[in-house]
Amino acid sequence: MNQSTETLNHAELISRSWQEIKGRFAPFMLLACIAPAFSWLIAGMAFGLDPMTQSTAQQQHPLLMLLVSVFSALVGSYGTAALILFICKRTDTPWQALQTAWHPFLRLFGGGLLMSVGMSAALMLLGILLGGAVYLLGAPKVLYLFILLFLFLCAGVLTVYFCLLPYLLVLTDIPVLSCFSAAFHLVKGRFWFTLGLLFLVGLISFGITMAAGIVLGFFVSVFSLVSGLLAGILSFVWIPVAGLIVLIVQVPMLALYLDRVSIHQAPQETADGQ
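Since the structure is predicted, the reported quantities are computational estimates derived from the model, not experimental observations.

> Tell me about the overall build of the protein, residues and numbers included.
Helix and strand content of the protein: 13 helices and 0 strands. Each helix and strand of the protein, ordered N terminal to C terminal, gives the series α-α-α-α-α-α-α-α-α-α-α-α-α. Oriented by its inertia axes, the alpha-carbon framework of the protein measures out at about 75 × 60 × 35 Å. Of all intrachain contacts in the protein linking residues separated by at least 6 positions in sequence, the fraction that spans at least 24 positions is 73%. Accessible area of the protein: about 15,400 Å², with a carbon and sulfur share of 73%.

Quick look at the structure:
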């Protein structure tokens, strides 16, 4: 995906992203399916393939579930790093993308972990301060609900402002902490536009998830009457659906990142030329 020299609107971002996906659909899907395929496999190995008993087994073994989640997150970050590199044509083949994704993967996983911990700690502290103030002032308890809604709003705002962070972590060599500032400034002044794109890709992903979930859920329920193992094997069909959803989200957001970077670099290049 090449950089643009002009600001693109939502329709142009979605259209160019779809053209990019169609042009290299097979290798894109191969990389996008790595994480869901691994999650399906490791969950089946740890808790069995039968969907009727898998959730119960997960509840009975929380430590094993935590370990599975950590491994899934690591593989997910690795696959995402490789996908981003390949989409941006930093490598020629998916195999080369997987080979060169080690360093970006560590930055992506570390930066994502830092963001999650930082956001959770900040929101928790804010919630404690606001909740404590309500308690000490003897205000109506209904204010606790407004505090909760306010915290969700803050989490949403932070998510929008740092939604381009993964691409900075993977595609640049600037320090991890500096990536947070850079991601914020890429969205600054384009908050509502970015939120709109997130809403659009989220809506498309939701529609595909619902449609596929209804169809797959029906067949899994029917096959589970015959054999739980057979139903678990059938759930493998969900992997390409999950991979497609990854592409629907990642490619437009990456297009937005490249568009914002090109706009931010234009004044600097003009000044250098002068």
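Picking up after the structure, the text goes on.
> Please set out the nonpolar core residue by residue, giving values where relevant.
Formed by 60 residues in total, the largest nonpolar core has its most connected members in L164, Y167, L171, L247, L254 and Y257. Considering every element that reaches this core, the biggest residue donor is helix 13 (residues 238-273), with 10 residues. Not counting the four nearest positions on each side in its chain, Y257 is found in contact with L164, Y167, L168, L171, T172 and L186.

> Give a description of the packing of aromatic side chains that names residues and reports values.
Taken as a whole, this structure holds 11 aromatic pairs when the rule is applied. When the ring of W102 is compared with that of F105, the centres are 6.2 Å apart and the planes differ by 75 degrees; the resulting orientation is edge-to-face. Taken together, the residues span about one helical turn, with W102 and F105 both in helix 7 (residues 102-137) at a distance of 3 residues. A relative accessible area of 8% means that F105 is categorised as buried. By way of ring pairs, the aromatic residues Y161, F162, F180, F184, F191 and W192 are connected into one cluster. R24 extends its terminal NZ or CZ atom over the ring of F86, reaching a point 4.9 Å from the ring centre. Across from the ring centre of F193, 4.1 Å away, lies the NZ or CZ of R190, which sits over that ring.

> Before we move on, could you go through the side chain of S77 and cite the residues and values that matter?
With respect to the helices and strands, the residue S77 is situated in helix 5 (residues 62-87). Aside from chain neighbours lying at most four places away, what touches S77 is F105, L108 and F109.

> Break down helix 5 for me, citing the residues and quoting the values.
Taking 1.5 Å of rise per residue, the 26 residues of helix 5 would be expected to cover 38 Å, and the 36 Å separating its terminal C-alpha atoms lies within 8% of that figure. Just downstream of helix 5 lies K89, where phi reads positive at about 60 degrees.

> Break down a nonpolar patch on the surface for me, with residues and values.
Residues V142, L143, L145, F146, L148, L149 and F152 make up a contiguous nonpolar surface patch of roughly 680 Å² in combined accessible area. If you trace the backbone, V142 turns up in helix 8 (residues 142-161).

> Give a detailed account of unusual backbone geometry, specifying residues and quantitative values.
Outside of glycine, negative phi angles account for most residues, and trans bonds account for most peptide bonds. The backbone of K89 sits at a positive phi, close to 60 degrees, despite the residue not being glycine. Take K89: it is sitting in the loop between helix 5 and helix 6 (94-100).

Conventions we followed
Residues numbered from 1 in each chain as written. Predicted model: local features only at pLDDT ≥ 70, side-chain atom pairs only at ≥ 80, totals over all residues. Heavy atoms only, no water. Helix = DSSP H or I, 4+ residues; strand = E, 2+ residues; numbered from the N terminus. Contact = heavy atoms within 4.5 Å. Areas by Shrake-Rupley, 256 points an atom, 1.4 Å probe, with all protein chains shown as cover. Core = buried A, V, L, I, M, F, W, Y, C linked by side-chain atoms within 4.5 Å. Buried < 20%, exposed > 50% of the residue type's maximum accessible area, 1.4 Å probe, protein only. Phe/Tyr/Trp six-rings, centres within 6.5 Å; stacked < 30°, edge-to-face > 60°. Lys NZ or Arg CZ within 6 Å of the ring centre and 35° of its normal. Expected span 1.5 Å × (residues − 1). Patch = residues over 30% accessible without salt bridge, like charges linked within 9 Å, V, L, I, M, F, W, Y side chains within 5 Å. Salt bridge = Lys/Arg side-chain N within 4 Å of Asp/Glu carboxyl O.

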